[in-house]
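Each chain is listed here by its residues.
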Amino acid sequence: MSTQVKMSKVTTAVIREMKRKGEIITVLTAYDYPTGLVVDEAGVDIILVGDSLGMVVLGYDSTIPVTMEDMLHHTKAVSRAVKRALVIGDMPFMSYQISAEEALYNAGRFLQEADAHGVKLEGGREVAEITRRITSAGIPVMAHLGLTPQSVHQIGGYRVQGKDEASAKRILEDAKMLEEAGAFSLVLECVPASLAKLVTESISIPTIGIGAGIHCDGQVLVLHDMLGMFEKFTPKFVKQYAQLNVLMKEGVRQYVDEVRGGLFPEKKHSF
Ligand code: KIV
């Protein structure tokens, strides 16, 4: 059964209200004009131009090499496509860690140059002050706790976070600090479902889960994972709703065969 797409523009106020009303928030990534169109027209509430583009679009092994210029380039393309969803630009590694001034300047570029409606940044208490500075300037911030891929080398791999009592307590405390600093929502990545439930019940801003179970206020996936466009690996928390790679390869193979066999172009494709 498909859902009716509501046409009214999604704002951060709408997202907060959805939590209050118990409406589940849908989030997906998009990285360019065509994926922006697809995701927006399908009725997703928030489109995240994630730095995951480093891996699924640019072919890097992690998100660490992604730059501000990469992010602005892709966010601009997505913004041109989107009519309804809230567009969030992901702040890349080292664009918000050096100083509060630089973080604020870079966050502002997403709105001024790329037409985004807000930014996402990874981390807990260590980015609370930066979150406060950015939100005080009128820029909505989506926070991100649990597995924070930009810290992969410190964490020691892409693994579930918050499994022991001390780290779970820290994640819960961080969530409260980020809410207090003004974040309008919080991504929880790869944490036990029981911890995600506790965090979701303990803060008034919506939690958006990825590998965090059913109890979050919303769910997010990387578009290329859920549509089967990224074949390198598929994390356990991903459900594949299509195998586009297979379809695309089939189409391209057929084209190659037809061109080689003199079957394309036909008369109707000629002038
Ligand atoms: O970069 C990204 O796509 C993300 C989501 C997986 C939350 O951070």
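Definitions and cut-offs
- Residue positions are counted from 1 within each chain, in the order its sequence is given.
- This being a predicted model, a pLDDT of at least 70 is required before a residue's local features are given, and a value of 80 or more before pairs of side-chain atoms are given or counted; all residues contribute to the totals for chains, interfaces and linings.
- Heavy atoms throughout the structure, all of them, feed into the side-chain values; hydrogens and water do not.
- Definition of nearness: a residue and a molecule or strand are near each other if at least one heavy atom of the residue lies within 4 Å of the molecule or strand.
- A 3.5 Å cut-off defines polar contacts: any pair of N or O atoms within that distance qualifies, except that in protein one atom must be a possible hydrogen donor and the other a possible acceptor, and neighbouring residues in sequence count only when both atoms are side-chain atoms.
- Surface accessibility follows the Shrake-Rupley procedure with a 1.4 Å probe radius. Residue values consider only the protein chains on display as shielding.
- The nonpolar class holds Ala, Val, Leu, Ile, Met, Phe, Trp, Tyr, Cys and Pro. Asp, Glu, Lys and Arg form the charged class, and all remaining residues, Gly among them, are polar.
- Here the limits of each domain have been adopted from an automatic or database domain assignment.
- Only heavy atoms enter the contact rule, under which two residues are in contact if any of them lie within 4.5 Å.
- By definition, the buried area sums, over both parts, the 1.4 Å-probe accessible area that each loses when the two are put together.
- Salt bridge, as used here, is a side-chain nitrogen of Lys or Arg placed within 4 Å of a carboxyl oxygen of Asp or Glu.
- The helix count covers DSSP runs of H or I at least four residues long, the strand count covers runs of E at least two residues long, and both are numbered beginning at the N terminus.
- Residue count minus one, scaled by 1.5 Å, sets the expected span of a helix.
- For every residue, the accessible area (1.4 Å probe, protein chains only) is compared with the maximum for its type, and the residue is labelled buried under 20%, exposed over 50%, or partly exposed between those bounds.

Observations regarding the site of the ligand
In the vicinity of the ligand, the contacting residues are Thr29, Leu48, Gly50, Asp51, Ser52, Asp90, Lys120, His144, Val187, Ile210 and Val222. Between an oxygen atom of the ligand and a side-chain N or O atom of aspartate 51, the distance comes to 3.0 Å. The side chain of aspartate 90 places a nitrogen or oxygen atom 3.1 Å from an oxygen atom of the ligand. If the ligand stood free it would expose 260 Å²; the protein chains cover 95% of that surface. Residue classes in the shell around the ligand are distributed as four nonpolar, four polar and three charged.

Describing the domain arrangement of the chain
Partitioning the chain into domains gives domain 1 (12-240) and domain 2 (243-271). One C-alpha centre belongs to domain 1, the other to domain 2; they are set 38 Å apart. Each partner contributes residues to the interface: domain 1 has six residues there, and domain 2 has five residues. Summing both partners gives a buried area of about 470 Å² for domain 1 against domain 2, and 42% of it is carried by carbon and sulfur. Broken down residue by residue, the surface that domain 1 buries against domain 2 is led by Leu227, Met229 and Glu231, which jointly contribute 70%. Between glutamate 231 and lysine 249 there is a salt bridge, with the nearest N and O atoms lying 3.2 Å from each other. The interface formed by domain 1 and domain 2 includes five residue pairs in polar contact (both at pLDDT 80 or more). Residues of the side of domain 1 that touches domain 2, tallied by class, amount to three nonpolar, two polar and one charged.

Points about helix α11 (residues 244-260)
Between the first and last C-alpha of α11 there are 24 Å, a value that for 17 residues agrees with the 24 Å anticipated at 1.5 Å per step. Taken from the residues just after α11, glycine 262 is the one with a positive phi, measuring 70°.

Quick word on the side chain of threonine 131
Here threonine 131 lies in helix α6 (residues 128-136). A residue is classified by how much of its surface remains accessible, and threonine 131, at 0% relative accessible area, is buried. If we ignore the near neighbours within four places in the chain, the residues touching threonine 131 are Leu121, Val141, Leu178, Ala181 and Ala183.

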